[in-house]
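Examination of the molecular architecture
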Amino acid sequence: PFDLSPNEVKELKDTIQRFNTTSETKVKMDDPIDSESPSETQDFGRFCQGISGSLDSTSDYFSQTSSRQTYECDEPVMSIIDDGESNSRGGIPTFIDSGLGKDNFKRKQRLRGISECERDPEHQIKIKRKLDKIASRSSSVSAENALKLSGLMPKFEESVLGSIHLDLAEFHESDRYDANMQDTDSAHFHLKGAADCGNQLALVAISSLYLGLPNDILPCLDNMDVSELVPDNIEDHGLDYMVSAAHNGDVNSILFLARAFDCGQNLGNERSQSYEQALDWYQMAIEMGVDKRYLVLARMAEIMLIEDSGCKDPNRAGEIYSEAAKAATEQMCGKLANKYYMLSEEAWALVENEAWASVEE
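Residues numbered from 1 in each chain as written. Predicted model: local features only at pLDDT ≥ 70, side-chain atom pairs only at ≥ 80, totals over all residues. Heavy atoms only, no water.

Right, let's talk about the packing of helix H8 (residues 200–210) against helix H10 (residues 234–247) for a bit. Relative placement of two packed helices is described by the angle separating their axes and the distance separating the axes. Here H8 crosses H10 at 150°, and the two axes come no closer than 8 Å. If you check the angle between H8 and H10, you find them roughly antiparallel. Crossing angle aside, the handedness with which H8 passes H10 is left-handed. Residue-level contacts link Gln200, Leu203, Val204, Ile206, Ser207 and Tyr210 of H8 to Ile234, His237, Gly238, Tyr241, Met242, Ser244 and Ala245 of H10. (Axes fitted to C-alpha atoms, helices over the stretch in contact; angles between N-to-C directions. Helix = DSSP H or I, 4+ residues; strand = E, 2+ residues; numbered from the N terminus. Parallel < 35°, antiparallel > 145°, perpendicular 65-115°, else oblique. Left-handed = near helix turned anticlockwise from the far one by under 90°. Contact = heavy atoms within 4.5 Å.)

As structure tokens, this is what we get:
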């Protein structure tokens, strides 16, 4: 079944109950009508009787003709009686002549998956087997994730179910269902469902929402509004969604994670500062074509010169500084390019000093 929020389920049940209790048919012609004189009452009665009579005759006519409808592929049942007592006019068979009004008229039984216009038995069997093999995809988020885990559905395939949940979240946020009330719980429910289906826009939006960043899908909500709807630490869940968005190629998410691991902030309770992971995320950002990549390269080189970073490499730092200088030159940033060239020389000088120190020892 399709996933609905608790508020939507409650509203649906209330609507069904209200419909069952208030669904009554009222005929206006049965209401008493006051008239000024008896003559007007009699005239109005004759008028109503004439209308009802015409309606009855019309309904009888359509009820008779509707039961006489046939289809192109039904067996021919019209036959003209050639004995001199035929009631046909001008050689055209009437309903009485054709026998359509008889009780023994029966339509051919229609099989499931078989068109009425199919007469070839072999073709009918092929179509039926083909339709039986087609299995409808479940509309549940958990069922779709199970298909992805089992390998029956590609992990990076665009999810139609995720797009539907994303649209529902936007509708609830913009008061499309009820202009007097904004159902933020249902909006968050469907946004989470879209993110669980792997929708890229939903992943970016819900990670930004949980981490206190602005988002484009639910701009009226912040992390304080949905903190009660998220179990455990909301930042940890936000980082989980941001990691998924980063692996799907969102450059802003990649940079956020790189800076978070670099400075040790906005990491929640389950993660801690790690220069090695920061370098990995910075490298991924460069491969994805981040803007002003010379700034990212310069920061990578700085990390490689930190003593307690766990990844100190002056030689590699000099190479990255040189690459940053070339990138700055391409962007017409001459002063930064000269600065990076100078830092690269200093990094290579550290390599030489370390080599002399090891020789002296």
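One non-glycine residue with positive phi stands out, namely aspartate 175, at about 60°. Along the polypeptide, aspartate 175 turns up in the loop between helix H6 (160–173) and helix H7 (184–196). Residue aspartate 175 is classed as partly exposed on the basis of its relative accessible area of 28%. Its identity as a non-glycine residue notwithstanding, methionine 332 has a phi of 60°, on the positive side. In this structure, methionine 332 sits in the loop between helix H14 (314–330) and helix H15 (334–360). (Buried < 20%, exposed > 50% of the residue type's maximum accessible area, 1.4 Å probe, protein only.)

Opposite charge on two side chains allows them to pair when their charged atoms are near. Tallied over the entire structure, the rule returns eight salt bridges. As a salt-bridge pair, lysine 192 and aspartate 196 come within 3.2 Å of each other at their nearest N and O atoms. Of this pair, lysine 192 and aspartate 196 are both found in helix H7, four residues apart, which corresponds to roughly one turn of the helix. Aspartate 196 sits in the partly exposed class, given a relative accessible area of 27%. Of the charged contacts in the structure, one is a salt bridge between glutamate 302 and arginine 299, with a shortest N-O distance of 2.8 Å. Placement of the pair is glutamate 302 and arginine 299 together in helix H13 (residues 293–303), with a separation of three residues, close to one helical turn. Relative accessible area serves as the criterion here: at 37%, glutamate 302 is assigned to the partly exposed category. Here arginine 299 falls in the partly exposed class, since its relative accessible area comes to 26%. In the salt-bridge network here, residues are joined through shared partners; they are Asp262, Arg299 and Glu302. (Salt bridge = Lys/Arg side-chain N within 4 Å of Asp/Glu carboxyl O.)

Another aspect to go through is the side chain of serine 5. Inspection of the secondary structure assignment puts serine 5 in the segment before helix H1 (6–22). A relative accessible area of 1% places serine 5 in the buried class. Ignoring sequence-local partners within four residues, the contact set of serine 5 consists of Ser186 and Phe189.

Looking now at the packing of H10 against helix H11 (residues 251–263). Axis separation between H10 and H11 bottoms out at 8 Å; the angle between their running directions is 125°. Judged on the interaxial angle alone, H11 and H10 are oblique. The crossing of H10 and H11 is left-handed. From H10, Leu239, Met242, Val243, Ala245 and Ala246 reach across to H11, where they touch Ser253, Ile254, Phe256 and Leu257. Looking at the contact of H10 with H11 residue by residue, the class counts come to eight nonpolar, one polar and no charged. (Nonpolar A, V, L, I, M, F, W, Y, C, P; charged D, E, K, R; others polar.)

Okay, the side chain of serine 207 next. Along the chain, serine 207 falls in helix H8. The residues touching serine 207, leaving out its near neighbours within four places in the chain, are Gly238, Tyr241 and Met242.

Roughly 430 Å³ of internal volume is contained in the largest pocket. Lining the largest pocket are 19 residues, with Cys197, Gly198, Asn199, Leu203 and Asn248 sitting closest to its centre. Listed by contribution, the elements that provide at least two residues to the lining of the largest pocket are H7, H8 and H10. Of the residues forming the lining of the largest pocket, the biggest block, five residues, is contributed by H10. Its residues assigned to classes, the lining of the largest pocket comprises five nonpolar, eight polar and six charged. There is about 360 Å³ of room inside the second largest pocket. Looking at the second largest pocket, it is lined by 15 residues, and the ones nearest its centre are Glu8, Glu11, His172, Tyr177 and Asp183. Of all the secondary-structure elements, those providing two or more residues to the lining of the second largest pocket are H1 and H6. (1 Å grid on protein atoms, 1.4 Å probe; cavity = no way out; pocket = protein on both sides within 12 Å on 5 of 7 lines; lining within 4 Å. Points joined across faces, edges and corners; volume = space filled by probe spheres on them.)

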